[in-house]
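Overview (structure and organization)
Single-letter residue listing:
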Amino acid sequence: MGRLFVVNLEGKIYSCKHCRTHLALYEDIYSRTFQCRHGKAYLFNKVVNVSLGEMEERMMMTGLHTVADIFCVGCGSIVGWKYETAYEKSQKYKEGKSVLERYKVSGPDGSHYWISHEAHVGGSDADDV
């Protein structure tokens, strides 16, 4: 295994809640209306300091997508997923973007998102209504 190079971001930063590795900037949020099985999730145009898992097809609330889980390079925790392919024309905007699950990251102000009892336990995807 080679040397690990970590990108340090400046500004309003979302970071891994376990090891504080920088993951994304507030200004790179594309949408805050996403949901995951544990509650809120944000769609980002750009994330850093993550590694990709294997691509797989998943049936989500908005249809079939090819996605890869993303892991923090600092501690290996799964922090969300990346959209590789969206099969529905209306979902193509997601391709190449990444979702960070709010309960797995710290917000720019150091806040944590706690899992609510009302959180959906099924699949994960955007709440596009």
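Use the structure listed above.
These remarks concern the structure in this document. (Residues numbered from 1 in each chain as written. Predicted model: local features only at pLDDT ≥ 70, side-chain atom pairs only at ≥ 80, totals over all residues. Heavy atoms only, no water.)

1. Comments concerning the packing of aromatic side chains
Here the structure, examined in full by the defined rule, presents 5 aromatic pairs. Taking 5.9 Å as the distance between ring centres and 85° as the angle between the ring planes, the aromatic pair formed by Y14 and Y42 counts as edge-to-face. Taken together, the positions of Y14 in strand 1 (residues 13–16) and Y42 in strand 4 (residues 39–44) put the pair 28 residues apart, joining distant regions of the chain. The interplanar angle of 70° and the centroid separation of 5.6 Å between the aromatic rings of Y14 and F44 together place this pair among those described as edge-to-face. Placement of Y14 in strand 1 and of F44 in strand 4 is noted, with a sequence separation of 30 residues between them. Pair check on accessibility: Y14 and F44 agree, each one buried. The residue whose ring lies beneath K12 is Y26, and the NZ or CZ to ring-centre distance is 5.1 Å. (Phe/Tyr/Trp six-rings, centres within 6.5 Å; stacked < 30°, edge-to-face > 60°. Helix = DSSP H or I, 4+ residues; strand = E, 2+ residues; numbered from the N terminus. Buried < 20%, exposed > 50% of the residue type's maximum accessible area, 1.4 Å probe, protein only. Lys NZ or Arg CZ within 6 Å of the ring centre and 35° of its normal.)

2. A look at the side chain of D69
Inspection of the secondary structure assignment puts D69 in strand 6 (residues 63–72). D69 gets classed as buried once you look at its relative accessible area, which sits at 19%. Side chain to side chain, D69 and R58 meet in a polar contact 2.6 Å long. (Polar contact = N/O pair within 3.5 Å; in protein donor to acceptor, adjacent residues only side chain to side chain.)

3. Examining the environment of F44
Residue class for F44 comes out buried when judged on its relative accessible area of 1%. Taking the C-alpha atoms as reference, F44 lies 8.6 Å from L25; in sequence the two are 19 residues apart. Among all residues touching F44, those that are not within four sequence positions of it are Y14, A24, L25, D28, I29, Y30, K97, S98 and L100. (Contact = heavy atoms within 4.5 Å.)

4. Looking at unusual backbone geometry
The bulk of non-glycine residues show a negative phi, and the bulk of peptide bonds are trans. In this model, R20 sits at a positive phi of 70°, which is unusual for a non-glycine residue. Take R20: its relative accessible area is 48%, and that puts it in the partly exposed class.

5. Here's the deal with the environment of C16
Among the secondary structure elements, C16 is positioned in strand 1. In this structure the C-alpha to C-alpha distance between C16 and N49, which are 33 residues apart in sequence, comes to 9.7 Å. In this view, C16 contacts T21, L23, C72, C75 and K104; residues no more than four positions away in its chain are not counted.

6. Describing the sheet that holds strand 2 (residues 22–25)
The strand order across the open sheet built from 3 strands is 2-1-9, with neighbouring strands paired in antiparallel fashion. Unpaired on one side and paired on the other, strand 2 and strand 9 (105–106) mark the two borders of the sheet. Of the strand pairs in this sheet, strand 1 and strand 2 are connected by 3 bridges, and their pairing is antiparallel. Looking at the pairing, I13 lines up with L25 of strand 2. (Pairing = 2+ DSSP bridges.)

7. Focus: the environment of L52
As for its position among the elements, L52 is in strand 5 (residues 50–60). A relative accessible area of 48% places L52 in the partly exposed class. With 20 residues separating them along the chain, L52 and C72 place their C-alpha atoms 9.3 Å apart. Those residues in contact with L52 that lie beyond four places of it in its chain are A68, D69, I70, K82 and E84.

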